[in-house]
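A closer look at the structure
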Amino acid sequence: HRQSEADALMRRRPIIRRLGRDQRGATIVEFAVIAMPMCVLLMGGLELGYNSYVRSTLQGALHDAARVAAVENPILATDGDTVEEQVANMIKETVAHVAPNAVVDVDQKSYFEFSSIGEPEKLMTDNNGNGKYDASDEDCFEDANGNGTFDPDSGKSGTNGGADDVVLYTAKVSAPRILPLDRLVPGVSEKVEYTLRAAVRNQPYGQQPTAPVICG
């Protein structure tokens, strides 16, 4: 019995050696191992290029709309009851050509100067010297946005301003990916979001008004 087992083992050894040296099909196995990572890298490159193109188009649309709206009584070849609506629609229509399913939100704020962007309204009188506006101390501030209250952001929202004003255009875009990377790579979102800004000074077609000073 032991002899028969030994003979069977001896007969199998040449077969095992041949299988060990046989490399047929190795290429297919290697390709199967690297195919998925390569596909993900290729899709990531395509997605990155597309996102860069959409971002560049959006930035160009922002600058174009801002320059057109910087004059008195601008004429924009788009729908809208006000200049602000026309500017927003102009940007949205441009982005729709490259990202038809994107959701675009455009915000417009006007300031007196570039240095005022994102800054609080100017403190004119600081009675207790703490560097902050205190209504209880009868501090005075420059009401840049004309709403009668002190604001941590001096911009006037929803308007493209007046003569010589600086207008900050902010566009937020949410667009679905062109490739399903979110299904292949953990942590990747289904949509891509952009936030782009452009600041332009309006033409001095009139006298820039002086902001009132309010105390208390």
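Residues numbered from 1 in each chain as written. Predicted model: local features only at pLDDT ≥ 70, side-chain atom pairs only at ≥ 80, totals over all residues. Heavy atoms only, no water.

Here we come to the overall build of the chain. When helices and strands are counted, the chain shows four helices and seven strands. Put simply, the chain runs from its N terminus to its C terminus through helices and strands in the order α-α-α-β-β-β-β-β-α-β-β. Evaluated residue by residue, the chain yields a buried proportion of 31% over its 216 residues. The long-range share in the chain, meaning contacts at least 24 apart out of those at least 6 apart in sequence, stands at 68%. By element, 55% of the accessible surface of the chain is carried by carbon and sulfur atoms, the whole surface being about 13,800 Å². (Helix = DSSP H or I, 4+ residues; strand = E, 2+ residues; numbered from the N terminus. Buried < 20%, exposed > 50% of the residue type's maximum accessible area, 1.4 Å probe, protein only. Contact = heavy atoms within 4.5 Å. Areas by Shrake-Rupley, 256 points an atom, 1.4 Å probe, with all protein chains shown as cover.)

Taken in spatial order, the three strands of this open sheet run β2-β3-β7, and their pairing is antiparallel. Every interior strand has two partners, whereas the edge strands, β2 (123-125) and β7 (213-215), have only one. Going across the sheet, the axis of each strand differs from the next one's by a mean of 30°, ignoring polarity. Note: β2 against strand β3 (residues 140-142), two bridges, orientation antiparallel. Its bridge partner being in β3, L123 is matched across the sheet by F141. (Pairing = 2+ DSSP bridges. Axes fitted to C-alpha atoms, helices over the stretch in contact; angles between N-to-C directions.)

This next bit is on the pattern of salt bridges. Working definition: two side chains of opposite charge can pair if their charged atoms are close together. One pass over the structure, following the stated rule, counts five salt bridges. Taking the shortest distance from any N to any O, the salt bridge between R67 and D64 comes out at 2.5 Å. In this pair, R67 and D64 both sit in helix α2 (residues 26-68), three residues apart, roughly one turn of the helix. The salt bridge partner of K109 is D153, with a shortest N-O separation of 3.2 Å. (Salt bridge = Lys/Arg side-chain N within 4 Å of Asp/Glu carboxyl O.)

As paired strands, strand β1 (residues 103-111) and strand β5 (residues 166-176) are joined by nine bridges and run antiparallel to one another. The partner of S110 across the bridge, within β5, is V167. Looking at chain direction, β1 and strand β4 (residues 156-157) are connected through two bridges and run antiparallel. Counted as the bridge partner of K109 is S157 from β4.

Turning our eyes to something else, we now look at unusual backbone geometry. Even without being glycine, E138 reaches a positive phi, approximately 60°. Looking at the secondary structure, you find E138 in the loop between β2 and β3. According to the relative accessible area criterion, E138 is partly exposed, its value standing at 48%. Backbone geometry places D164, a non-glycine residue, at a positive phi of 70°. Position of D164 relative to the elements: it lies in the loop between β4 and β5. By relative accessible area, D164 is classed as partly exposed at 24%.

Moving on to the packing of aromatic side chains. The tally for this structure, following the rule as stated, stands at three aromatic pairs. Seen from their ring centres, Y133 and F141 are 5.1 Å apart, and the 75° between their planes marks the pair as edge-to-face. A centroid spacing of 5.5 Å and a plane angle of 85° characterise the contact between F141 and F150, whose relative ring orientation is edge-to-face. Classification of F141 as buried rests on a relative accessible area of 1%. Note on F150: relative accessible area 28%, which makes it partly exposed. Among the aromatic residues, those joined into a cluster by ring pairs are Y133, F141 and F150. (Phe/Tyr/Trp six-rings, centres within 6.5 Å; stacked < 30°, edge-to-face > 60°.)

The next point concerns the nonpolar core. Grouped together as the largest cluster of nonpolar side chains are 29 residues, with contacts concentrated most on L58, L62, V87, I91, V95, Y169 and V173. Residue assignment for this core shows that the elements contributing at least two residues are α2, α3 (83-96), β1, β5 and β6 (191-201). (Core = buried A, V, L, I, M, F, W, Y, C linked by side-chain atoms within 4.5 Å.)

This part takes up the state of the cysteines. One pass over the structure, following the stated rule, counts one disulfide. A sulfur-sulfur separation of 1.8 Å characterises the disulfide bridge that pairs C140 with C215. Note on the C140 and C215 pair: the S-S dihedral is about 105°, so by sign convention the disulfide is right-handed. With C140 in strand β3 and C215 in strand β7, the pair connects residues that are 75 residues apart, well separated along the chain. A relative accessible area of 41% means that C215 is categorised as partly exposed. (Disulfide = S-S within 2.5 Å.)

Geometric descriptors of this kind do not, in isolation, establish any biological role.
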